[in-house]
Amino acid sequence: MGQINNAIERCDYVIDHILPHYGEKDIIGLYHIFAQIIRVLKWNGQVDKAREAFIKFMPDAANSHFAVGSIHKPMGLLLQICEGSSHPYDMDHMPEDIELALACDVSDMSDNNFTGDGWSMKSMAAELCMHLARRIDAGNAARERLIDRGIMMATVAQQRVKASNGMVKHILAYEANRDIHKALLLLANEEIDVDRNVIYNASNITGRSPLINRKESMSELKSSMKSKTTLAFANKFNVKDDTSNTNGSTAHSNGSSAKSSVPSTMPLISVAAKKKVAFSQLSSFGSNGSASKQSSRQSHESIKESSSKISHESSESAIDSQKCNGAGVV
(Lines give C-alpha, C1' and ligand atoms only; values in the text may rest on other atoms or scores of the structure.)
Protein backbone atom coordinates (compact mmCIF):
# COMPACT_ATOMS: atom_id res chain seq x y z
CA MET A 1 0.00 0.00 0.00
CA GLY A 2 1.47 3.28 -1.15
CA GLN A 3 4.68 1.70 -2.52
CA ILE A 4 3.82 2.15 -6.20
CA ASN A 5 7.38 2.15 -7.51
CA ASN A 6 8.22 -1.08 -5.68
CA ALA A 7 5.04 -2.68 -7.05
CA ILE A 8 5.93 -1.69 -10.62
CA GLU A 9 9.46 -3.05 -10.22
CA ARG A 10 8.05 -6.34 -8.94
CA CYS A 11 5.74 -6.55 -11.96
CA ASP A 12 8.68 -5.94 -14.29
CA TYR A 13 10.62 -8.73 -12.59
CA VAL A 14 7.72 -11.17 -13.00
CA ILE A 15 7.32 -10.27 -16.69
CA ASP A 16 11.03 -10.61 -17.42
CA HIS A 17 11.99 -13.61 -15.29
CA ILE A 18 8.90 -15.57 -14.18
CA LEU A 19 6.43 -15.61 -17.08
CA PRO A 20 8.92 -16.81 -19.75
CA HIS A 21 9.40 -20.03 -17.77
CA TYR A 22 5.85 -20.46 -16.49
CA GLY A 23 3.86 -23.43 -17.80
CA GLU A 24 1.21 -22.49 -20.37
CA LYS A 25 -1.10 -25.27 -19.23
CA ASP A 26 -1.72 -23.58 -15.89
CA ILE A 27 -4.12 -21.03 -17.33
CA ILE A 28 -5.83 -20.26 -14.03
CA GLY A 29 -2.46 -19.62 -12.41
CA LEU A 30 -1.47 -17.32 -15.28
CA TYR A 31 -4.69 -15.35 -14.90
CA HIS A 32 -4.11 -14.85 -11.20
CA ILE A 33 -0.63 -13.50 -11.99
CA PHE A 34 -1.92 -11.21 -14.74
CA ALA A 35 -4.79 -9.93 -12.60
CA GLN A 36 -2.25 -8.48 -10.19
CA ILE A 37 0.12 -7.25 -12.91
CA ILE A 38 -2.66 -5.46 -14.78
CA ARG A 39 -4.06 -4.09 -11.54
CA VAL A 40 -0.72 -2.37 -10.83
CA LEU A 41 0.37 -1.31 -14.33
CA LYS A 42 -3.00 -0.22 -15.71
CA TRP A 43 -3.79 2.04 -12.77
CA ASN A 44 -0.34 3.65 -12.94
CA GLY A 45 -0.17 4.68 -16.58
CA GLN A 46 1.53 1.60 -18.08
CA VAL A 47 -1.34 0.00 -19.97
CA ASP A 48 0.72 -0.73 -23.08
CA LYS A 49 3.24 -2.77 -21.08
CA ALA A 50 0.44 -4.82 -19.50
CA ARG A 51 -1.23 -5.41 -22.88
CA GLU A 52 2.00 -6.53 -24.55
CA ALA A 53 2.74 -8.98 -21.72
CA PHE A 54 -0.83 -10.33 -21.82
CA ILE A 55 -0.67 -10.95 -25.57
CA LYS A 56 2.81 -12.52 -25.35
CA PHE A 57 2.42 -14.92 -22.44
CA MET A 58 -1.32 -15.76 -22.31
CA PRO A 59 -1.97 -18.79 -24.56
CA ASP A 60 -4.90 -18.93 -27.00
CA ALA A 61 -6.23 -21.98 -25.15
CA ALA A 62 -7.49 -19.58 -22.46
CA ASN A 63 -10.29 -18.55 -24.80
CA SER A 64 -11.96 -21.95 -24.39
CA HIS A 65 -11.06 -22.54 -20.75
CA PHE A 66 -13.99 -23.49 -18.51
CA ALA A 67 -13.17 -20.96 -15.79
CA VAL A 68 -11.72 -17.93 -17.60
CA GLY A 69 -12.80 -18.45 -21.21
CA SER A 70 -15.67 -15.97 -20.87
CA ILE A 71 -13.35 -13.13 -19.82
CA HIS A 72 -10.34 -13.81 -22.05
CA LYS A 73 -11.42 -11.75 -25.09
CA PRO A 74 -13.03 -9.01 -22.97
CA MET A 75 -9.77 -8.65 -21.05
CA GLY A 76 -7.75 -8.17 -24.26
CA LEU A 77 -10.34 -5.69 -25.58
CA LEU A 78 -10.25 -3.67 -22.38
CA LEU A 79 -6.47 -3.31 -22.59
CA GLN A 80 -6.93 -1.89 -26.09
CA ILE A 81 -9.61 0.73 -25.42
CA CYS A 82 -9.06 1.78 -21.80
CA GLU A 83 -7.54 5.10 -20.80
CA GLY A 84 -3.78 5.29 -21.33
CA SER A 85 -3.71 2.84 -24.22
CA SER A 86 -1.99 3.95 -27.41
CA HIS A 87 -3.57 1.15 -29.45
CA PRO A 88 -5.97 2.50 -32.15
CA TYR A 89 -9.53 1.23 -32.00
CA ASP A 90 -11.43 0.25 -35.15
CA MET A 91 -15.03 1.49 -34.88
CA ASP A 92 -16.11 -1.08 -37.47
CA HIS A 93 -15.79 -3.72 -34.75
CA MET A 94 -18.15 -1.85 -32.43
CA PRO A 95 -21.27 -4.07 -32.94
CA GLU A 96 -19.47 -7.33 -32.14
CA ASP A 97 -17.55 -5.71 -29.28
CA ILE A 98 -20.83 -4.52 -27.76
CA GLU A 99 -22.24 -8.04 -27.81
CA LEU A 100 -18.99 -9.30 -26.29
CA ALA A 101 -19.19 -6.80 -23.44
CA LEU A 102 -22.86 -7.53 -22.75
CA ALA A 103 -22.14 -11.28 -22.53
CA CYS A 104 -19.03 -10.95 -20.37
CA ASP A 105 -19.35 -12.58 -16.97
CA VAL A 106 -17.58 -14.99 -14.65
CA SER A 107 -18.76 -17.39 -11.96
CA ASP A 108 -19.02 -16.17 -8.39
CA MET A 109 -16.37 -18.60 -7.18
CA SER A 110 -13.83 -17.43 -9.75
CA ASP A 111 -14.68 -13.78 -9.13
CA ASN A 112 -14.17 -14.18 -5.39
CA ASN A 113 -10.66 -15.49 -6.08
CA PHE A 114 -9.84 -12.58 -8.42
CA THR A 115 -11.28 -10.10 -5.94
CA GLY A 116 -8.76 -11.37 -3.40
CA ASP A 117 -6.02 -10.59 -5.93
CA GLY A 118 -7.15 -6.94 -5.96
CA TRP A 119 -9.43 -6.77 -9.03
CA SER A 120 -12.94 -8.14 -9.44
CA MET A 121 -13.77 -9.45 -12.91
CA LYS A 122 -17.19 -7.86 -12.45
CA SER A 123 -15.35 -4.54 -12.31
CA MET A 124 -13.46 -5.48 -15.45
CA ALA A 125 -16.74 -6.18 -17.29
CA ALA A 126 -18.26 -2.94 -15.98
CA GLU A 127 -15.24 -0.92 -17.14
CA LEU A 128 -15.41 -2.48 -20.60
CA CYS A 129 -19.06 -1.45 -20.89
CA MET A 130 -18.14 2.06 -19.73
CA HIS A 131 -15.40 2.61 -22.35
CA LEU A 132 -17.59 1.31 -25.18
CA ALA A 133 -20.52 3.48 -24.05
CA ARG A 134 -18.29 6.57 -24.14
CA ARG A 135 -17.69 5.97 -27.85
CA ILE A 136 -21.44 6.07 -28.65
CA ASP A 137 -23.66 9.15 -28.77
CA ALA A 138 -26.16 9.69 -25.97
CA GLY A 139 -29.64 8.41 -26.72
CA ASN A 140 -28.44 5.34 -28.59
CA ALA A 141 -30.14 2.12 -27.48
CA ALA A 142 -26.85 0.18 -27.48
CA ARG A 143 -25.26 2.83 -25.27
CA GLU A 144 -28.08 2.56 -22.78
CA ARG A 145 -27.76 -1.24 -22.66
CA LEU A 146 -24.04 -0.97 -22.01
CA ILE A 147 -24.58 1.51 -19.20
CA ASP A 148 -27.26 -0.61 -17.55
CA ARG A 149 -25.10 -3.72 -17.81
CA GLY A 150 -22.07 -1.90 -16.45
CA ILE A 151 -23.99 -0.51 -13.47
CA MET A 152 -25.30 -3.97 -12.66
CA MET A 153 -21.81 -5.53 -12.76
CA ALA A 154 -20.25 -2.69 -10.77
CA THR A 155 -22.98 -2.98 -8.15
CA VAL A 156 -22.29 -6.70 -7.72
CA ALA A 157 -18.57 -5.99 -7.40
CA GLN A 158 -19.24 -3.24 -4.86
CA GLN A 159 -21.23 -5.63 -2.71
CA ARG A 160 -18.53 -8.32 -3.01
CA VAL A 161 -15.69 -6.14 -1.71
CA LYS A 162 -17.59 -5.22 1.46
CA ALA A 163 -18.43 -7.19 4.58
CA SER A 164 -21.96 -7.61 5.90
CA ASN A 165 -21.48 -4.63 8.25
CA GLY A 166 -20.50 -2.35 5.34
CA MET A 167 -16.76 -2.29 6.04
CA VAL A 168 -14.35 -2.75 3.12
CA LYS A 169 -12.59 -6.12 3.18
CA HIS A 170 -10.74 -5.87 -0.18
CA ILE A 171 -9.30 -2.36 -0.38
CA LEU A 172 -7.57 -2.73 -3.77
CA ALA A 173 -10.63 -4.23 -5.43
CA TYR A 174 -12.82 -1.60 -3.78
CA GLU A 175 -10.71 1.29 -5.09
CA ALA A 176 -10.60 -0.23 -8.58
CA ASN A 177 -14.39 -0.54 -8.73
CA ARG A 178 -15.39 2.72 -7.00
CA ASP A 179 -14.41 5.16 -9.76
CA ILE A 180 -15.86 2.92 -12.47
CA HIS A 181 -19.18 2.77 -10.63
CA LYS A 182 -19.28 6.56 -10.32
CA ALA A 183 -18.46 7.08 -14.00
CA LEU A 184 -21.26 4.73 -15.08
CA LEU A 185 -23.77 6.57 -12.91
CA LEU A 186 -22.75 9.86 -14.54
CA LEU A 187 -23.30 8.32 -17.97
CA ALA A 188 -26.73 7.17 -16.83
CA ASN A 189 -27.60 10.74 -15.87
CA GLU A 190 -26.68 11.86 -19.38
CA GLU A 191 -29.10 9.31 -20.79
CA ILE A 192 -31.92 10.67 -18.63
CA ASP A 193 -31.43 14.20 -19.99
CA VAL A 194 -31.64 13.12 -23.64
CA ASP A 195 -34.86 13.99 -25.49
CA ARG A 196 -36.32 10.75 -26.82
CA ASN A 197 -38.16 10.27 -30.10
CA VAL A 198 -41.69 9.03 -29.49
CA ILE A 199 -43.00 6.22 -31.67
CA TYR A 200 -46.27 7.88 -32.67
CA ASN A 201 -47.63 8.49 -36.17
CA ALA A 202 -50.22 11.20 -35.68
CA SER A 203 -51.37 11.24 -39.33
CA ASN A 204 -52.30 7.56 -39.29
CA ILE A 205 -53.79 7.41 -35.81
CA THR A 206 -55.95 10.54 -35.92
CA GLY A 207 -57.47 9.48 -39.27
CA ARG A 208 -58.99 6.35 -37.77
CA SER A 209 -61.81 5.83 -35.34
CA PRO A 210 -61.01 5.74 -31.61
CA LEU A 211 -62.41 2.21 -31.43
CA ILE A 212 -59.82 0.84 -33.89
CA ASN A 213 -57.02 2.60 -32.02
CA ARG A 214 -58.19 1.14 -28.71
CA LYS A 215 -58.43 -2.39 -30.13
CA GLU A 216 -54.97 -2.23 -31.70
CA SER A 217 -53.33 -0.77 -28.60
CA MET A 218 -54.90 -3.45 -26.40
CA SER A 219 -53.83 -6.25 -28.75
CA GLU A 220 -50.26 -4.92 -28.83
CA LEU A 221 -50.24 -4.69 -25.04
CA LYS A 222 -51.42 -8.27 -24.66
CA SER A 223 -48.90 -9.61 -27.17
CA SER A 224 -46.04 -8.02 -25.22
CA MET A 225 -47.08 -9.63 -21.94
CA LYS A 226 -45.16 -12.71 -20.88
CA SER A 227 -46.63 -13.27 -17.42
CA LYS A 228 -49.83 -15.32 -17.19
CA THR A 229 -51.07 -13.12 -14.35
CA THR A 230 -50.82 -9.87 -16.28
CA LEU A 231 -52.25 -11.47 -19.40
CA ALA A 232 -55.27 -12.76 -17.48
CA PHE A 233 -55.73 -9.30 -16.01
CA ALA A 234 -55.60 -7.70 -19.46
CA ASN A 235 -58.14 -10.16 -20.93
CA LYS A 236 -60.79 -8.72 -18.62
CA PHE A 237 -60.71 -5.49 -20.59
CA ASN A 238 -62.33 -6.34 -23.92
CA VAL A 239 -62.98 -3.41 -26.23
CA LYS A 240 -66.60 -3.61 -27.45
CA ASP A 241 -68.13 -1.80 -30.40
CA ASP A 242 -70.72 0.37 -28.64
CA THR A 243 -71.65 2.20 -31.84
CA SER A 244 -72.88 -0.97 -33.56
CA ASN A 245 -75.04 -1.85 -30.57
CA THR A 246 -76.45 1.64 -30.53
CA ASN A 247 -77.27 1.54 -34.24
CA GLY A 248 -78.84 -1.86 -33.89
CA SER A 249 -81.00 -0.77 -31.01
CA THR A 250 -82.02 2.34 -32.93
CA ALA A 251 -82.99 0.34 -35.97
CA HIS A 252 -84.94 -2.09 -33.81
CA SER A 253 -86.78 0.74 -32.13
CA ASN A 254 -87.63 2.32 -35.48
CA GLY A 255 -88.99 -0.96 -36.76
CA SER A 256 -91.11 -1.52 -33.70
CA SER A 257 -92.50 2.00 -33.86
CA ALA A 258 -93.46 1.49 -37.49
CA LYS A 259 -95.38 -1.68 -36.67
CA SER A 260 -97.21 -0.41 -33.61
CA SER A 261 -97.82 2.95 -32.02
CA VAL A 262 -98.91 1.58 -28.65
CA PRO A 263 -97.59 3.86 -25.90
CA SER A 264 -95.29 2.49 -23.23
CA THR A 265 -96.65 1.67 -19.81
CA MET A 266 -94.20 3.98 -18.03
CA PRO A 267 -95.72 7.49 -17.80
CA LEU A 268 -93.51 10.39 -18.81
CA ILE A 269 -93.19 13.40 -16.55
CA SER A 270 -93.00 16.77 -18.26
CA VAL A 271 -90.38 19.39 -17.49
CA ALA A 272 -93.02 21.63 -15.89
CA ALA A 273 -94.02 18.86 -13.51
CA LYS A 274 -90.36 18.25 -12.59
CA LYS A 275 -89.90 21.92 -11.86
CA LYS A 276 -93.04 21.94 -9.73
CA VAL A 277 -91.82 18.95 -7.71
CA ALA A 278 -88.35 20.44 -7.32
CA PHE A 279 -89.83 23.75 -6.15
CA SER A 280 -92.05 22.00 -3.62
CA GLN A 281 -89.05 20.04 -2.28
CA LEU A 282 -86.93 23.17 -1.99
CA SER A 283 -89.72 24.98 -0.17
CA SER A 284 -89.77 22.20 2.43
CA PHE A 285 -86.09 22.77 3.34
CA GLY A 286 -85.69 24.72 6.52
CA SER A 287 -89.20 24.01 7.83
CA ASN A 288 -89.75 22.01 11.03
CA GLY A 289 -92.41 19.82 12.58
CA SER A 290 -95.79 19.49 10.92
CA ALA A 291 -94.92 22.03 8.25
CA SER A 292 -92.27 19.78 6.77
CA LYS A 293 -94.62 16.76 6.90
CA GLN A 294 -97.41 18.75 5.24
CA SER A 295 -95.09 20.01 2.48
CA SER A 296 -93.87 16.48 1.81
CA ARG A 297 -97.51 15.24 1.54
CA GLN A 298 -98.28 18.05 -0.87
CA SER A 299 -95.27 17.25 -3.01
CA HIS A 300 -96.25 13.54 -3.22
CA GLU A 301 -99.83 14.47 -4.12
CA SER A 302 -98.63 16.87 -6.81
CA ILE A 303 -96.47 14.12 -8.32
CA LYS A 304 -99.39 11.69 -8.38
CA GLU A 305 -101.73 14.25 -9.96
CA SER A 306 -99.21 15.27 -12.62
CA SER A 307 -98.36 11.66 -13.51
CA SER A 308 -102.06 10.67 -13.72
CA LYS A 309 -102.83 13.64 -15.97
CA ILE A 310 -99.90 12.89 -18.24
CA SER A 311 -100.80 9.20 -18.52
CA HIS A 312 -104.43 10.14 -19.31
CA GLU A 313 -103.37 12.60 -21.97
CA SER A 314 -100.93 10.12 -23.51
CA SER A 315 -103.63 7.40 -23.68
CA GLU A 316 -106.09 9.78 -25.36
CA SER A 317 -103.48 10.81 -27.92
CA ALA A 318 -102.74 7.15 -28.63
CA ILE A 319 -106.46 6.41 -29.21
CA ASP A 320 -106.76 9.37 -31.57
CA SER A 321 -103.73 8.23 -33.57
CA GLN A 322 -105.19 4.74 -33.90
CA LYS A 323 -108.48 6.18 -35.20
CA CYS A 324 -106.62 8.27 -37.72
CA ASN A 325 -104.64 5.29 -38.94
CA GLY A 326 -107.77 3.21 -39.24
CA ALA A 327 -109.51 5.91 -41.23
CA GLY A 328 -106.55 6.16 -43.57
CA VAL A 329 -106.61 2.44 -44.27
CA VAL A 330 -110.33 2.47 -45.09
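Our subject in this report is the structure included herewith. If you're wondering where the values come from, they're calculated on a predicted model, not measured in any experiment. (Residues numbered from 1 in each chain as written. Predicted model: local features only at pLDDT ≥ 70, side-chain atom pairs only at ≥ 80, totals over all residues. Heavy atoms only, no water.)

Looking now at the overall build of the protein. The helix and strand inventory of the protein stands at 15 helices and 0 strands. When each of the 330 residues of the protein is scored for burial, the buried share is 33%. The long-range share in the protein, meaning contacts at least 24 apart out of those at least 6 apart in sequence, stands at 68%. Here the protein has roughly 21,200 Å² of accessible surface; of this, 55% comes from carbon and sulfur atoms. (Helix = DSSP H or I, 4+ residues; strand = E, 2+ residues; numbered from the N terminus. Buried < 20%, exposed > 50% of the residue type's maximum accessible area, 1.4 Å probe, protein only. Contact = heavy atoms within 4.5 Å. Areas by Shrake-Rupley, 256 points an atom, 1.4 Å probe, with all protein chains shown as cover.)

What follows deals with the layout of surface pockets. When its volume is computed, the largest pocket comes out at roughly 590 Å³. Contributing to the lining of the largest pocket are 20 residues, with A7, Q36, R39, V40 and L172 lying nearest its centre. Taken together, the elements giving at least two residues each to the lining of the largest pocket come down to α1 (4–18), α2 (27–42) and α9 (171–193). Space inside the second largest pocket adds up to approximately 380 Å³. Forming the walls of the second largest pocket are 19 residues, and the residues nearest its centre are H72, K73, G76, L77 and Q80. Those elements that provide at least two residues to the lining of the second largest pocket are α3 (47–57), α4 (69–81) and α5 (94–103). The residue makeup of the lining of the second largest pocket, split by class, is 7 nonpolar, 6 polar and 6 charged. (1 Å grid on protein atoms, 1.4 Å probe; cavity = no way out; pocket = protein on both sides within 12 Å on 5 of 7 lines; lining within 4 Å. Points joined across faces, edges and corners; volume = space filled by probe spheres on them. Nonpolar A, V, L, I, M, F, W, Y, C, P; charged D, E, K, R; others polar.)

What follows concerns α1. For α1, with 15 residues, the first-to-last C-alpha span of 20 Å sits near the 21 Å given by 1.5 Å per residue. Of the residues making up α1, those classed as buried are I8, C11, V14 and I15. The buried residues of α1 all sit within an arc of 120° when viewed along its axis, so they share a single face. α1 presents N5, E9, R10 and D16 as exposed residues on the side facing more than 90 degrees away from its buried surface. Against the buried residues of α1 lie α2 and α3. (Expected span 1.5 Å × (residues − 1). Arc of directions from axis to C-beta.)

Now for a nonpolar patch on the surface. Side chains of V168, I171 and L172 sit close together on the surface and give an oily, nonpolar patch of about 210 Å² of accessible area. Locating I171 in the fold gives a position in helix α9. (Patch = residues over 30% accessible without salt bridge, like charges linked within 9 Å, V, L, I, M, F, W, Y side chains within 5 Å. Salt bridge = Lys/Arg side-chain N within 4 Å of Asp/Glu carboxyl O.)

Two numbers describe a pair of packed helices, the interaxial angle and the distance between the axes. In contact at an axis separation of 8 Å, helix α7 (residues 121–134) and helix α8 (residues 141–160) are set at 155° when each is read in the N-to-C sense. The angle between α7 and α8 places the two elements in the roughly antiparallel class. The chirality of how α7 crosses α8 is left-handed. Two secondary-structure elements touch here, α7 through K122, S123, A125, A126, C129, L132 and A133 and α8 through R143, L146, I147, R149, G150, M153, A154, V156, A157 and R160. For the contact of α7 with α8, the class distribution of residues is 11 nonpolar, 2 polar and 4 charged. (Axes fitted to C-alpha atoms, helices over the stretch in contact; angles between N-to-C directions. Parallel < 35°, antiparallel > 145°, perpendicular 65-115°, else oblique. Left-handed = near helix turned anticlockwise from the far one by under 90°.)

Time to look at the side chain of T115. Within the secondary structure, T115 is located in helix α6 (residues 108–116). Excluding residues within four positions of it along the chain, T115 makes contact with S120, R160, V161, H170 and A173.

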